[in-house]
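# Chains, contacts and geometry: an overview
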Protein chains: 2
Amino acid sequence: MGKSISGSDVYVLIMAGGSGTRLWPYSRVVRPKQFLDLLGTGKTLLQHTYDRMLSFVPSSQVMIVSHERYETWIKEQLPDLKEENILLEPHGRNTAPCIAYAAAKIHARAPHARMIVAPADHIIQGEDDFKDCIHLALEACQDGDRLITLGIKPSRPDTGYGYIQFLDDSPLTNQKGKSGDLKSVKTFAEKPSPELAKEFLSSGDFLWNAGIFVWKTDAILRAFQKHLPDLYDVFEEGKDLFYQEGEHAFIQKAYALIRSISVDYGILEKHAEVFVVRSEFGWSDLGSWNALYNLQKKDEDENVFLGCEAITYESRGNFVRCQAHKLVILDGMEDYFIGDFGDVLILCKRSEEARFRSYVSDAREKGGDKWV
Amino acid sequence: MGKSISGSDVYVLIMAGGSGTRLWPYSRVVRPKQFLDLLGTGKTLLQHTYDRMLSFVPSSQVMIVSHERYETWIKEQLPDLKEENILLEPHGRNTAPCIAYAAAKIHARAPHARMIVAPADHIIQGEDDFKDCIHLALEACQDGDRLITLGIKPSRPDTGYGYIQFLDDSPLTNQKGKSGDLKSVKTFAEKPSPELAKEFLSSGDFLWNAGIFVWKTDAILRAFQKHLPDLYDVFEEGKDLFYQEGEHAFIQKAYALIRSISVDYGILEKHAEVFVVRSEFGWSDLGSWNALYNLQKKDEDENVFLGCEAITYESRGNFVRCQAHKLVILDGMEDYFIGDFGDVLILCKRSEEARFRSYVSDAREKGGDKWV
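Residues numbered from 1 in each chain as written. Chains lettered and ligands numbered in written order. Predicted model: local features only at pLDDT ≥ 70, side-chain atom pairs only at ≥ 80, totals over all residues. Heavy atoms only, no water.

With that settled, consider the relation of the copies chain B and chain A. One copy of the chain maps onto the other through a rotation about an axis followed by a shift along the same axis. The transformation that overlays chain B on chain A combines an axial shift of 0.1 Å with a rotation of 179°, and the residual RMSD is 0.1 Å. When the rotation and shift are considered jointly, the pair of chain copies conforms to a two-fold rotation axis. Of the residues that chain B buries at the interface, 100% are likewise interface residues in chain A, meaning the two copies contact each other through the same surface. (Least-squares fit on C-alpha atoms with pLDDT ≥ 70 in both. Contact = heavy atoms within 4.5 Å.)

Residues and elements named next belong to chain A. Positionally, Phe 188 belongs in strand 9 (residues 181-189). For the pair formed by Phe 188 and Ala 108, sequence separation is 80 residues and the distance between their alpha carbons is 31 Å. Sequence-distant contacts of Phe 188, that is, excluding residues within four places in its chain, are made with Thr 149, Tyr 163, Ile 164, Asn 209, Asp 264, Leu 268, Glu 269 and Val 274. (Helix = DSSP H or I, 4+ residues; strand = E, 2+ residues; numbered from the N terminus.)

Attention shifts here to the packing of aromatic side chains. Two aromatic rings are characterised by how far apart their centres lie and by the angle between their planes. All names here are of chain A. Inspection of the entire model under this criterion finds 51 aromatic pairs over all chains. Taken together, a centroid distance of 6.5 Å and an interplanar angle of 20° make the contact between Tyr 26 and Trp 289 stacked. A residue pair is termed long-range when its members are at least 10 positions apart, and Tyr 26 in the loop between strand 1 (10-15) and helix 1 (45-53) and Trp 289 in helix 10 (residues 289-295) qualify at 263 residues. We classify Tyr 26 as buried; its relative accessible area is 9%. Geometrically, the ring pair formed by Trp 289 and Phe 341 is stacked, given 5.6 Å between the ring centres and 25° between the ring planes. One end of the pair, Trp 289, is in helix 10; the other, Phe 341, is in strand 15 (residues 336-341), with 52 residues separating them in the sequence. Residue Trp 289 shares its accessibility class with Phe 341, and that shared class is buried. (Phe/Tyr/Trp six-rings, centres within 6.5 Å; stacked < 30°, edge-to-face > 60°. Buried < 20%, exposed > 50% of the residue type's maximum accessible area, 1.4 Å probe, protein only.)

Where two cysteines share a covalent bond between their sulfur atoms, that bond is called a disulfide. Following the criterion strictly, the structure yields 0 disulfides over all chains and no others. There is no disulfide at Cys141(A), and the cysteine sulfur nearest it, in Cys133(A), is 14 Å away. (Disulfide = S-S within 2.5 Å.)

Turning next to the confidence of the model for chain A. Residues and elements named next belong to chain A. Per-residue pLDDT for chain A averages 93, and the proportion of residues at 70 or more is 96%. The low-confidence segment residues 1-6 (pLDDT under 50) makes 15 contacts with residues lying over four places distant or belonging to another chain. Prediction confidence for the complex, expressed as pTM and ipTM, is 0.84 and 0.84 respectively. (pLDDT = per-residue confidence, 0-100.)

Turning our eyes to something else, we now look at the pairing of strand 6 (residues 147-152) of chain B. Residue and element names in this part refer to chain B. The element strand 6 is largely enclosed, with a buried count of 6 among its 6 residues. Residues Leu 147, Thr 149 and Gly 151 line one face of strand 6 and the alternating positions Ile 148, Leu 150 and Ile 152 line the opposite face, and both faces are buried. By the bridge criterion, 6 bridges tie strand 6 to strand 11 (residues 274-279) in an arrangement that is parallel. Within strand 11, the residue paired with Thr 149 across the bridge is Val 276. Of the pairings in the sheet, the one linking strand 6 to strand 10 (residues 206-216) comprises 4 bridges and is antiparallel in character. Its bridge partner being in strand 10, Thr 149 is matched across the sheet by Phe 213. (Pairing = 2+ DSSP bridges.)

Residues and elements named next belong to chain A. Tracing the backbone through its elements, the reader meets Lys 298 in the loop between helix 10 and strand 13 (304-313). Under the relative-accessibility criterion, Lys 298 is labelled partly exposed at 26%. Put simply, Lys 298 and Gly 317 are 19 residues apart on the chain and 8.4 Å apart in space, counted from C-alpha to C-alpha. At 3.1 Å, the side chain of Lys 298 forms a polar contact with the backbone oxygen of Tyr 293. (Polar contact = N/O pair within 3.5 Å; in protein donor to acceptor, adjacent residues only side chain to side chain.)

Turning next to helix 6 (residues 217-227) of chain B. Of the residues making up helix 6 of chain B, those classed as buried are Thr217(B), Ala219(B), Ile220(B), Leu221(B), Ala223(B), Phe224(B) and His227(B). Summarising the contacts, the buried residues of helix 6 of chain B are in contact with helix 3 (95-109), strand 4 (114-119), strand 6, strand 10, helix 7 (229-237) and helix 9 (263-268) of chain B.

All names here are of chain B. Tallied over the full model, the rule gives 4 cavities of 30 Å³ or more. Lining of the largest cavity is provided by Ser 19, Gly 20, Thr 21, Trp 24, Ser 27, Arg 28, Val 29, Val 360, Arg 364 and Val 372. Split by residue class, the lining of the largest cavity holds 4 nonpolar, 4 polar and 2 charged. (1 Å grid on protein atoms, 1.4 Å probe; cavity = no way out; pocket = protein on both sides within 12 Å on 5 of 7 lines; lining within 4 Å. Points joined across faces, edges and corners; volume = space filled by probe spheres on them. Nonpolar A, V, L, I, M, F, W, Y, C, P; charged D, E, K, R; others polar.)

Note on strand geometry: in a regular strand, side chains alternate between the two faces of the sheet. Residues and elements named next belong to chain B. Two strands pair when backbone bridges link them, and strand 7 (residues 163-166) and strand 9 (residues 181-189) are joined in this way by 4 bridges, in the antiparallel orientation. Within strand 9, the residue paired with Ile 164 across the bridge is Phe 188. Direction of pairing for strand 9 relative to strand 11: antiparallel, over a ladder of 4 bridges. Counterpart to Ser 184 in the pairing with strand 11 is Phe 275.

What follows is the structure, encoded as structure tokens:
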């Protein structure tokens, strides 16, 4: 494992098109979480992801794919990025179409490229372990048409993640032996029930599906040709238009025809040579305020305060996130999430992740698009 | 009882100098509660009090006394008021000095005046009952040197108010017989213990001391001369300067010598002819957020929302007060006060009135004058 693995043939695709509601009211349709400084670090999640990827490739080899409505955020937050590296979709169509688009576009210029595909809105802690795992995957994908995914060793029976079951082989091992060894994938599992999640955890051969992929572009394109030929054909047909004036009009037309499908379901679950790098770096998809709370440093009463100063009395386990840097007084509050975001103030039990769907739909019913 | 009672000889003194902390963080030292729209009606408490008094007298006969730091608020909120009707004190010295000052100043122009004295920051509900009681007091004070105070029939054993015990006589009765009859005062009692408050309530001869007074100006001046002669002498000496250029300099000098003392303690508890109008209008000194909550119309779950829109889930008995008109989502909150005031957000149990002193002193310790 070493820096020599990364090289001029490696490209990065950051997927930045999501618009979830689970971190509402900070995350909004007009500015979803990847464009927000959720951690209160002064950088948005997209900026963190981009910076992380610059340890593998120069910025000229980083592509961002997103919905066209987010073009302004991307340009504002990544001013160094070249225009041609921003892939804009007129409609969100899940992960398979945007990966097919990016792979075809990269392949048009660099037929021997390898790709790292990563979501813009995840958190990674332990950058060195992460790098080791990516380097292992970049090496492993050179062999045949292997599609490599990163799987995180689960620390709890989380029901919010998809799982990957691996076989007890080791086609390739991280030479440092710390984090990361390669395993053949046996099966992919959707978000499990609490009981099933416990079984997954105790079995020892299930990993969280981190949605981070590594492969050769020609390998993934061949996989599209085989498993999703209609999608393959769309971008094959337009390949002469990439980097040209006609690309925008072509994409507008193409996306009208494309159905929504995930790369997991459309490709990985069907492909023969799928491998997982068993990884142990800190990872979260930030699927809820509670997930963000779990990642933060707590005060002596297990409270977390971001974007505010606080005075507390008999208050434990609360997570307060403010936008304006205000003073927060808490007295007699336990295990609450308190979010103050300009036009919306929310107070709920930290554990009630599932309720956010109702909050957002009820807020939409009351105020139209005003608050969502 | 009738409109004929009020007339050209009636003057009003509104006391607007307080700067309490019990309604922090909305109420601040630089803008205490009398200058705030606490009820969310679009009018401040001072404006409500002023408007109420205009049913007795023209604006030329309304005087406001306050600390000089609040001059701007007064002029902004009562633009019709003449400059000479604003009495500014360089230091707060409780109620006796400001009443002596105003009485002397009114007396210099209108030697046969009667005065209504009222705090700027109380709430009165049932304006007609209030008017009847004031008219009764205005009539009653014509006889001798009677000093009249308004006492509110208590509805609960409140430990936050002073009490007035009356004798079972009736020197004068409201002819309508509804609210208001005159009683001789037996004694004044400080804020009682919970046990004593219960005894006061069940005895039937105790009233809440509303701090609203009615008297002839020459009667109150004679009372000052007798019971607080040093204070009387100060303003007697300066009487030729009232309404003149020299008034400001005189007041600056005079207040340096004056001690802090309440009119209750300094005059009323010592005077022979003190009477109370037993009143039944709705009254509160707004001594806490909880007091304000009790006065508001509740939703079907006993929640009150001022200055915001709300969506609630399993939440009861909360009081939310916002400044910006934001959306508030409450889930699983019971009996909390939630106040959002720009730079300070507070969450505490509604009943914890006594804690506000700590909140303010702790906020001062943390941020100096920034938040208080």
